[in-house]
Amino acid sequence: MKFTIFSRLVFGYLFILVLVLVLSGYVVFRIGQFNEVTRSVLMTNNRMVDYSGKLTDAILSQVRYERKFIISKDQAFYNQFLHFKNDFERYLEEAMLISEASQAKQFLVTVKTSYQHYQSLLGEELRYLEAGKSYPQGWFRQEKEKFSNSILEELEKVQSTIQQNTNEKIKELYEAGVEAYQMAIGMTAVLLIFGITLSYLINRSITQPISVLVKKTRDIGKGDFKGNVNLSSPPELAELASAFNLMCNKLGELDQMKSDFFSTVTHELRTPLSSIKMGISLLTEGREGPLTEGQKELLMLVRQENNRMVGLVNAILDLSKMEAGMMTYQIEQKNIVPLIDQVVKEMKPLVETKKIRLESEVAEKLPIPKIDTERFLQVLRNVIGNALKFTPEGGRVNVSVRTIDQGLQISVADTGPGIPEKNLGSIFEKFQQVNAKGPYKTKGTGLGLAIAKQVITHHGGKIWAESKLGQGSTFFILLPA
Ligand code: ADP
């Protein structure tokens, strides 16, 4: 049976809740027991001690007044005796009631028997007194004393039994307290271990499949579209995994379609342009007969436009490939100084035509960065080419290379028209041309800097421009080294 995330969480929480309830139940039960013992000590034992004290006082007072009455025959003493007699009988009855189920009960029974003997002896003596007959006073006195002493002894036993019982109960209470304390600590520890283990297992059973999905998402980001996520539980994530696999397969199909599209478009666009180029060359060479000057001029124009078209198609295809993440880069460690020299050399005809002073400044001990040579040359050609293109005749272009904290920095500064501040960012977006009108109107695709940004970003670097209108521009390329 496969548990859903919901049921796992509910089961986990319920289980922990039950454990907490068991622990609380145990603690409440033990506290109830303690209360019971404490109540019995307070209600029974304390009251019994109190009653035995009162009974002792009452019997001593009875003996005292009964003797005084016998000697003096004063009715007031007899009344006092009766008062304490009543008290004694009431206390004894009450004490016997609360002593039910206690060891003191048997002593109270003996007290009652001795008291009955004492009372019957006294009754007999009083009858002799009333009749005015002589009787063995000494013997009565001795017998009564025997029973009153026995009552006092029994009451003492009651007190000591109760005291002993109280001590035992306190001891029991203490031991039970220690036991409950240890039990509660033990149960809390078990509860904690269970709770933590259970939470860990439940969390792991949920987060582990999520990690698998996260890893697969990363793989998709890197271009691995294989739909091979295999999750069987929990059911929600298993369903997500199968949806994921479906998505991967679809992405794979789209990726394949994109590749097919690029190769078809590349072929379909380049083939006719190459044919046109070849046709123009054949016509220009006079293979189809001599050409008039007008025809030659026309063919020159067609060739120029065809070349521009080839450049545009190549740029669009390059940029599209880069944006689609399909451009392949051959990264290797390469010294960039010879590359700069190569581009400067390539630009020589334009430099000479426009009489521009093109200088390069290269610092010593430059690090060797990791680059794709062809793509990097493409960036240099664009940035240095732009500087020459936008710099008016007789101007200056300076290329410099140096090391800064973050890496290797190439800067290309010119004395061209400059770029308005608001356009310094947008010129790196495709088809953004700032100087397309006016005296600096140039023929360009508006794609060169967008391609340069893609290439440099792929190398982990940065490209940006700084400029002041009318004072020229400087383009910076930063490569990690
Ligand atoms: P383009 O083919 O038009 O040169 P780019 O992407 O290379 O396309 O450049 C985009 C725009 O940025 C250019 O059209 C121009 O307006 C501006 N730009 C680039 N380099 C310079 C520069 N050195 N001086 C002034 N403007 C420049």
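All figures in this text were calculated on a predicted structure; none of them were measured in a lab.

A. Molecular detail of the site of the ligand. Close to the ligand lie 20 residues; Asn 386, Asp 414, Gln 433, Val 434 and Leu 449 are nearest. Alone, the ligand offers 530 Å² of accessible surface; in the complex the protein occludes 98% of this. Those elements that place two or more of their residues in the shell around the ligand are α9 (373-390), α10 (448-458) and β7 (473-479). Here the shell around the ligand gets 5 residues from one element, more than from any other, and that element is α9. When the residues that make up the shell around the ligand are grouped by side-chain class, the tally is 8 nonpolar, 10 polar and 2 charged.

B. Inspection of the pattern of salt bridges at higher detail. A complete count under the given rule lists 21 salt bridges for this structure. Residues Glu 143 and Lys 146 are paired through a salt bridge, measuring 3.4 Å at the closest nitrogen-oxygen approach. Of this pair, Glu 143 and Lys 146 both sit in helix α4 (residues 137-221), 3 residues apart, roughly one helical turn. Note on Glu 143: relative accessible area 16%, which makes it buried. One salt bridge connects Glu 293 with Lys 296, and the closest N-O pair in it is separated by 3.8 Å.

C. View of the packing of aromatic side chains. A complete count under the given rule lists 15 aromatic pairs for this structure. Ring centres of Tyr 65 and Phe 84 lie 5.8 Å apart, and the angle between their planes is 5°; on these two criteria the pair is classed as stacked. Remark: Phe 84 occurs in helix α2 (residues 75-98) and Tyr 65 occurs in helix α1 (residues 5-72); sequence separation between them is 19 residues. For Tyr 65, a relative accessible area of 16% puts it in the buried group. On the accessibility criterion, Phe 84 (19% relative accessible area) is buried. For the pair Tyr 128 and Tyr 135, a centre-to-centre distance of 5.3 Å together with 10° between the ring planes defines the contact as stacked. The class for Tyr 128 is partly exposed, based on a relative accessible area of 28%. Every member of this aromatic cluster is reached through a ring pair, and the members are Tyr 128, Tyr 135, Trp 139 and Phe 140. Cation over ring: Lys 462 sits above Trp 464, and NZ or CZ is 5.4 Å from the ring centre.

D. Spatial organisation of the pairing of strand β5 (residues 407-414). Here β5 lies mainly inside the structure; 7 of its 8 residues are buried. Two elements, strand β4 (residues 396-404) and β5, share 8 bridges in a ladder whose sense is antiparallel. Bridge pairing links Ser 400 to Ser 411 in β5. Counted along the chain from β4 to the antiparallel partner β5, the turn is 2 residues long. Note: β5 against β7, 6 bridges, orientation antiparallel. If you follow Ser 411 over to β7, its bridge partner there is Phe 476.

E. Region of interest: the pairing of β7. Of all 7 residues in β7, 6 are buried, a share of seventy percent or more. Judged from the 6 bridges that link them, strand β6 (residues 462-467) and β7 form a sheet pairing that is antiparallel. Bridged to Ile 463 within β7 is Ile 477. Counting the residues between successive antiparallel strands, the hairpin from β6 to β7 contains 5 residues, one of them, Gly 470, with a positive phi of roughly 85°.

F. Summary view of unusual backbone geometry. Going from Ser 233 to Pro 234, the amide bond is cis rather than trans, its omega being -5°. Within the fold, Pro 234 resides in the loop between α4 and α5 (235-284). A positive phi angle is found at Lys 73, which is not glycine, with a value near 60°. By the element assignment, Lys 73 lies in the loop between α1 and α2. Its identity is not glycine, yet Lys 365 carries a phi of approximately 50°, on the positive side. Tracing the sequence through the fold places Lys 365 in the loop between β2 (357-362) and β3 (370-372).

Each value, and the rule that gives it
- Residues numbered from 1 in each chain as written.
- Predicted model: local features only at pLDDT ≥ 70, side-chain atom pairs only at ≥ 80, totals over all residues.
- Heavy atoms only, no water.
- Near = heavy atom within 4 Å.
- Areas by Shrake-Rupley, 256 points an atom, 1.4 Å probe, with all protein chains shown as cover.
- Helix = DSSP H or I, 4+ residues; strand = E, 2+ residues; numbered from the N terminus.
- Nonpolar A, V, L, I, M, F, W, Y, C, P; charged D, E, K, R; others polar.
- Salt bridge = Lys/Arg side-chain N within 4 Å of Asp/Glu carboxyl O.
- Buried < 20%, exposed > 50% of the residue type's maximum accessible area, 1.4 Å probe, protein only.
- Phe/Tyr/Trp six-rings, centres within 6.5 Å; stacked < 30°, edge-to-face > 60°.
- Lys NZ or Arg CZ within 6 Å of the ring centre and 35° of its normal.
- Pairing = 2+ DSSP bridges.

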